[in-house]
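Coordinates in review
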Amino acid sequence: RPGSAGMEGSGDASRAVADWRLAVWTLCSVLLPVLITAWCSFQRSRRQLLIRDIFRKSKHDWHYTDLFGQPSYCCVCAQHILRGAFCGCCGLRVSERCLKKADQRFLCKEIMMRGTAGAPSSMPHHWIRGNVPLCSCCMVCKQQCGTQPKLCDYRCVWCQYTVHDECMVDCLRTEDCTFGEFKDLIIPPYYLSTVNQMRKEKRTSYEKVVPYCRKHWMPVMVLANTRSGNNMGETLLGEFKMLLNPVQVFDLSKIAPAKALQLCTWLPCNAVRVLVCGGDGTVGWVLDAIDEMKIKGQERYIPQVAILPLGTGNDLSNTLGWGAGYAGEVPVEQILRNVMEADGIKLDRWKVQVTNKGYYNLRKPKVFTMNNYFSIGPDALMALNFHAHREKTPSLFSSRIINKAVYFFYGTKDCLVQECKDLNKKVELELDGERIELPNLEGIIVLNIGYWGGGCRLWEGMGDEPYPLARHDDGLLEVVGVHGSFHCAQIQVKLANPVRLGQAHTVRLILKSSKMPMQVDGEPWAQGPCTVTITHKTHALMLYHSGEQTDDEDASSLSE
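Just so you know, these numbers come straight off a predicted model, no measurement behind them. (Residues numbered from 1 in each chain as written. Predicted model: local features only at pLDDT ≥ 70, side-chain atom pairs only at ≥ 80, totals over all residues. Heavy atoms only, no water.)

1. Notes on the overall build of the protein chain
The condition that has to hold: Secondary structure elements are taken from DSSP: a helix is a run of H or I of four residues or more, a strand is a run of E of two residues or more, and numbering for both begins at the N terminus. Any pair of residues with heavy atoms lying within 4.5 Å of one another is described as a contacting pair.
Counting its regular elements, the protein chain contains twelve helices and 24 strands. Here the analysis covers contacts within the protein chain between residues at least 6 apart in sequence; of these, 70% occur between residues at least 24 apart.

2. Focus on the state of the cysteines
Counted only if it meets this: The disulfide criterion is simple: two cysteine sulfur atoms within 2.5 Å. Working definition: with a 1.4 Å probe on protein chains only, accessible area under 20% of the residue-type maximum means buried, over 50% means exposed, and in between means partly exposed.
Under the defined criterion, the tally for this structure stands at zero disulfides. Unpaired in terms of disulfides, Cys 488 finds its nearest cysteine sulfur in Cys 456, a separation of 8.3 Å. For Cys 488, a relative accessible area of 4% translates into the label buried.

3. Observations regarding the UniProt feature "transmembrane region" (unreviewed entry) in the protein chain
Let me state the cut-off plainly: UniProt positions are given in the numbering used here, feature names are shortened, and annotations may be inferred rather than shown by experiment.
Here the UniProt feature "transmembrane region" (unreviewed entry) sits at residues 20–42. In residues 20–42, helix accounts for 100% and strand for 0%; the two terminal C-alpha atoms are 32 Å from one another.

4. Concerning the sheet that holds strand β7 (residues 154–156)
Definition in use: By the convention used here, strands pair only if DSSP detects at least 2 bridges between them.
One open sheet holds the three strands; their spatial order is β6-β7-β8, and the pairing between them is antiparallel. Only two strands of the sheet have a single partner each, and these edge strands are β6 (127–129) and β8 (162–163). Note that β6 and β7 share three bridges and pair antiparallel. Bridge pairing in β7 links Trp 127 to Cys 156.

5. Focus: the packing of aromatic side chains
Going by this rule: Geometry of aromatic contacts follows a simple scheme: Phe, Tyr and Trp rings, the Trp one being its six-membered ring, pair when their centres are within 6.5 Å, and the pair is stacked under 30 degrees between planes, edge-to-face over 60, tilted otherwise. Any Lys NZ or Arg CZ that is within 6 Å of a ring centre and within 35 degrees of that ring's normal is treated as a charge sitting over the ring.
Under the definition given, this model contains four aromatic pairs. For the ring pair Phe 368 and Trp 525, a centre distance of 4.7 Å and an interplane angle of 20° mean the geometry is stacked. Taken together, the residues span a long stretch of sequence, with Phe 368 in strand β14 (residues 366–370) and Trp 525 in strand β23 (residues 523–527) at a distance of 157 residues. Over the face of the ring belonging to Tyr 154 we find Arg 173, whose NZ or CZ atom lies 5.5 Å from the ring centre.

6. Quick look at helix α7 (residues 280–295)
One turn of the α-helix equals 3.6 residues, which is why residues spaced by three or four share an orientation. Keep this limit in mind: The span one expects for a helix is its residue count, reduced by one, times 1.5 Å.
Over its 16 residues, α7 runs 23 Å from end to end, which matches the ideal 22 Å to within 8%, given 1.5 Å per residue. Looking only at α7, the buried set comprises Asp 280, Thr 282, Val 283, Gly 284, Val 286, Leu 287, Ala 289, Ile 290, Asp 291 and Met 293. Looking one or two residues beyond α7, the residue adopting positive phi is Gly 297, at roughly 80°.

7. Digging into unusual backbone geometry
Residue Lys 142 is not a glycine yet carries a positive backbone phi of 65°. Secondary-structure assignment places Lys 142 in the loop between β6 and β7.

8. Focus on the side chain of Thr 226
Basically, it comes down to this: Polar contact is the term for a pair of N or O atoms within 3.5 Å; when the atoms are in protein, one must be able to donate a hydrogen and the other to accept it, and sequence-neighboring residues count only if both atoms are side-chain atoms.
When you line up the elements, Thr 226 lands in the loop between β9 (220–224) and α5 (233–243). Among the residues examined, Thr 226 registers a relative accessible area of 13% and is labelled buried. One polar contact links Thr 226 to Ser 253, side chain to side chain, over a distance of 3.4 Å.

9. Description of the nonpolar core
Applicable threshold: Working definition of a nonpolar core: buried Ala, Val, Leu, Ile, Met, Phe, Trp, Tyr and Cys residues. They are joined through side-chain atoms within 4.5 Å.
One finds Tyr 191 and Phe 240 to be the most contacted residues of the largest nonpolar core, which totals 102 residues. Among the elements that take part in this core, α7 stands out by supplying six residues, more than any other. In this structure Phe 240 touches Val 222, Val 249, Leu 275, Cys 277, Val 332, Ile 335 and Leu 336, once residues within four positions along its chain are discounted. Core analysis: the second largest hydrophobic core is formed by 32 residues, Met 370, Leu 381, Cys 420 and Leu 477 among them.

10. A look at a nonpolar patch on the surface
This is how it is decided: In this scheme, patches are assembled from residues that exceed 30% relative accessible area and form no salt bridge. Like charges are connected within 9 Å, while nonpolar side chains (Val, Leu, Ile, Met, Phe, Trp, Tyr) are connected within 5 Å. Working definition of accessibility: Shrake-Rupley area with a 1.4 Å probe, residue cover restricted to the visible protein chains. One speaks of a salt bridge when a side-chain nitrogen belonging to Lys or Arg is within 4 Å of a carboxyl oxygen belonging to Asp or Glu.
On the surface, a cluster of nonpolar side chains totalling about 290 Å² of accessible area is made up of Leu 27, Leu 31 and Leu 35. Structurally, the position occupied by Leu 27 is in helix α1 (residues 2–57).

11. Some remarks on the sheet that holds strand β5 (residues 93–94)
Read from one edge to the other, the open sheet built from three strands follows the order β1-β4-β5, with strand pairing classed as antiparallel. Sheet topology places β1 (62–65) and β5 at the edges, where each strand pairs with a single neighbour. Pairing of β1 with strand β4 (residues 84–87), which is carried by four bridges, proceeds in the antiparallel orientation. From the neighbouring strand, His 63 faces β4, where its bridge partner is Phe 86.

Okay, here's the thing in structure tokens:
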């Protein structure tokens, strides 16, 4: 009996030890992955902080990517890399572990030459080795560069010329850079350094400074709204910085147009061209800043404006030949060529004054500037609903297709509800002081440009009726009526004509009762009883690109 009791005791002890071992191993199996994950997370966060610190202090425009879009090699260790950092200005590509060395070893594009004596009129090539563009040719032997699977060949960050390793000779390293195909668009660093020194000395006669004195120099400025349309602005900023001087490229989410346009005062009078990358609202923002330059007495520095359409509607861009929307299908180099070849024209800009009714109304009238159109009725209601929805959930509206689908939804809804019916009983319309008798309508639209509603030539309709010619520079507005959302849809697919109410230099609209939706250039609001007066304000200097034709352009070229 005592022996059996001892055996039972030793058995309980061994089971307890086994249980403890199982508990320890279980705890280790749970804690070890957690500790490893926490350690990796800590190291990743530490590494990201170090990278962010390098980015913040660097003169390079570094960006991190998890996957390069083409075969890439580190400019320091020459190893093939899938992810790492690249400079948006000079094009350097580097692995994560070599980032600090690359930042210290390689210079980025200089926006202004420093420490130079006198007034330099040239500068040498700035060569970067490896990762040359696909299908580029050597400037010496005219054969294709970058064909070997390694870090090889050179590219100049200014003129974009490429040279084979074996073709690179000492004379090319010291040869003056010509700035390549876009020499007439680029602001050279030596020009900015010379002008900066002259301004410090209170001298403003830049006529003899190179390339100011060159006949065909037309420097371009790029103003991009990174929040427009398909969010392509960020990519475009980098591509333009690669081809131009980075000082010429501005992100409108970080700097206001009025401040960016002050660069024009450093450049030749009436020679600067501005490329606005964004929607019609962004273009209006830039044109307002240009009007401020007139008020400041800087009228001789006013630039001409071209458009790269990134918004949803892009009616002004369409009217001026720049297309209905950009999605990356045209290379940036071709866009710059189009800007160089574009013709200068004028665009009417209009003052829209909204004065509320009422004996005790002490508020100032609301004043807007109109470039495209003013409307009251179903299309303004669609815009109002769209903007209200976008303000609630802005993350859903990052695509041009989604935006147009939401517009279609609200247009279909209005066809059933008809919230704007009997508009002719609620408003009075005067064109150049003459009262117009209105038929049964749901909406009135006042047009300054040829396109409306995302690509529809509203004034022309089906094109089967005679109508007066419409231009965007004749000081006249076209006024039309629509019977509802369904009628708008019919006009857009050329199955109906609008109700043409006339043309006028001054339009006056009186809303007698109730609250109605209104919009100016896509900016909507709900308006109570008021008087709306539209008068000519000024002209804007724009650039017209004749090479971009839409489906409707040929049939209606007479109206432009």
